[in-house]
Amino acid sequence: MKAEVRSALPALAAHEGYWDGVYRHVTRDFELLDQHRMRTWCEFPDEGPWAYVQHNHLVWPDGTEERRSFGGILRDGKLWWDTDRFSGWGWQAGENIILLSLLRKDIEDSRFTEMIEISPDGAARARTWQWFEAGQPVRRTLCDETRIEGPW
């Protein structure tokens with residue numbers, strides 16, 4: 001499956017590995033709603049039901065931790081997700097750019113669009129989420145990450 005992902009979504013395949021960064025959720029007026037550290041492991045299994053698996057380890061300044069993992073399938077040149085929290089798809093929008101369109105299942109009438117751009121050297125990436133509720137923009141998520149040695 002890894003070869004199929006590399007062929008269909010080479011920009012996504014470049015994200016394979018371990019990442020460390022800070023997520024900042026802000027209002028439309030850029031008031032800070034939440035900030036936490038996140039370590040992410042992106043993998044592209046050779047076997048099994050998933051073409052892509054992402055493992056997240058979130059840590060807040062007060063020491064609270066949360067771990068999440070989810071998988072996606074490759075279909076029609078896009079990566080598709082359907083988890084308990086969200087559903088949607090991702091596609092390559094440029095040489096180093098991936099776009100995601102995701103509907104939140106745990107927040108009524110909520111969706112977000114995410115843009116992920118990896119640096120040309122593959123050592124860093126930036127992620128921006130545009131959140132909408134009831135069709136209106138309500139907040140942004142901004143994340144800067146660097147590639148790290150794994151596993152963590």
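Quick caveat: nothing in here was measured; it's all calculated off a predicted structure.

Q: Before we go on, may I ask you to explain the overall build of the protein chain in this structure?
A: A count of helical and extended segments in the protein chain gives two helices and 10 strands. Whereas a compact globule of 152 residues would reach a radius of gyration of roughly 15 Å, the protein chain reaches 15 Å, a difference of no more than 12%. Along the first, second and third principal axes, the C-alpha set of the protein chain runs to 40 × 35 × 30 Å. Counting every position in the protein chain, which comprises 152 residues, the buried fraction comes to 38%. Across the protein chain, every contact between residues at least 6 apart in sequence was considered, and the portion connecting residues at least 24 apart equals 36%. Taken as a whole, the protein chain presents about 8300 Å² of accessible surface, with 52% of it coming from carbon and sulfur. Of note, the protein chain has its 19 positive side-chain charges centred 1 Å away from the centre of its 26 negative side-chain charges.

Q: Any chance you could explain the layout of surface pockets here in plain terms?
A: Of the pockets and cavities examined, the largest pocket occupies roughly 500 Å³. Of all the elements in the fold, those that place two or more residues in the lining of the largest pocket are strand 1 (17-27), strand 2 (32-43), strand 3 (52-59), strand 4 (65-75), strand 5 (78-82), strand 7 (97-104), strand 8 (110-118) and strand 9 (124-133). Of the residues belonging to the lining of the largest pocket, the class tally is 18 nonpolar, seven polar and seven charged.

Q: Could you clarify how one ought to interpret the packing of aromatic side chains in this entry?
A: Any aromatic ring pair is given by two values, namely how distant the centres are and how the planes are angled relative to each other. Tallied over the full model, the rule gives 10 aromatic pairs. Centroid distance Phe44 to Tyr52: 5.2 Å. Interplanar angle 55°. Geometry classified as tilted. Since its relative accessible area comes to 4%, Tyr52 is described here as buried. Between the aromatic rings of Tyr52 and Trp81, the centroid separation amounts to 6.3 Å while the plane-to-plane angle is 80°, which identifies the pairing as edge-to-face. Of the two residues, Tyr52 sits in strand 3 while Trp81 sits in strand 5, which places them 29 residues apart along the sequence. Judged by relative accessible area, which is 8%, Trp81 ranks as buried. An aromatic cluster of at least three residues, connected via ring pairs, comprises Phe44, Tyr52, Phe70, Trp81 and Phe86. Its guanidinium or amino end placed over the ring of Trp80, Arg75 lies 4.3 Å from that ring's centre, counting from NZ or CZ. It is Arg125 that lies over the ring of Trp19; its NZ or CZ is 4.4 Å from the centre.

Q: Looking at this structure, how should I read the environment of Phe70?
A: Relative to the helices and strands, Phe70 is located in strand 4. Sequence spacing of Phe70 and Arg85 is 15 residues, and the spatial spacing of their C-alpha atoms is 9.7 Å. Not counting chain neighbours up to four residues away, the residues in contact with Phe70 comprise Tyr52, Val53, Gln54, Asn56, Trp81, Thr83 and Phe86.

So, how was this worked out
- Residues numbered from 1 in each chain as written.
- Predicted model: local features only at pLDDT ≥ 70, side-chain atom pairs only at ≥ 80, totals over all residues.
- Heavy atoms only, no water.
- Helix = DSSP H or I, 4+ residues; strand = E, 2+ residues; numbered from the N terminus.
- Rg over C-alpha atoms; globule rule 2.2 N^0.38 Å.
- Buried < 20%, exposed > 50% of the residue type's maximum accessible area, 1.4 Å probe, protein only.
- Contact = heavy atoms within 4.5 Å.
- Areas by Shrake-Rupley, 256 points an atom, 1.4 Å probe, with all protein chains shown as cover.
- Lys, Arg positive; Asp, Glu negative; His and termini not counted.
- Charge placed at Lys NZ, Arg CZ, Asp CG, Glu CD.
- 1 Å grid on protein atoms, 1.4 Å probe; cavity = no way out; pocket = protein on both sides within 12 Å on 5 of 7 lines; lining within 4 Å.
- Points joined across faces, edges and corners; volume = space filled by probe spheres on them.
- Nonpolar A, V, L, I, M, F, W, Y, C, P; charged D, E, K, R; others polar.
- Phe/Tyr/Trp six-rings, centres within 6.5 Å; stacked < 30°, edge-to-face > 60°.
- Lys NZ or Arg CZ within 6 Å of the ring centre and 35° of its normal.

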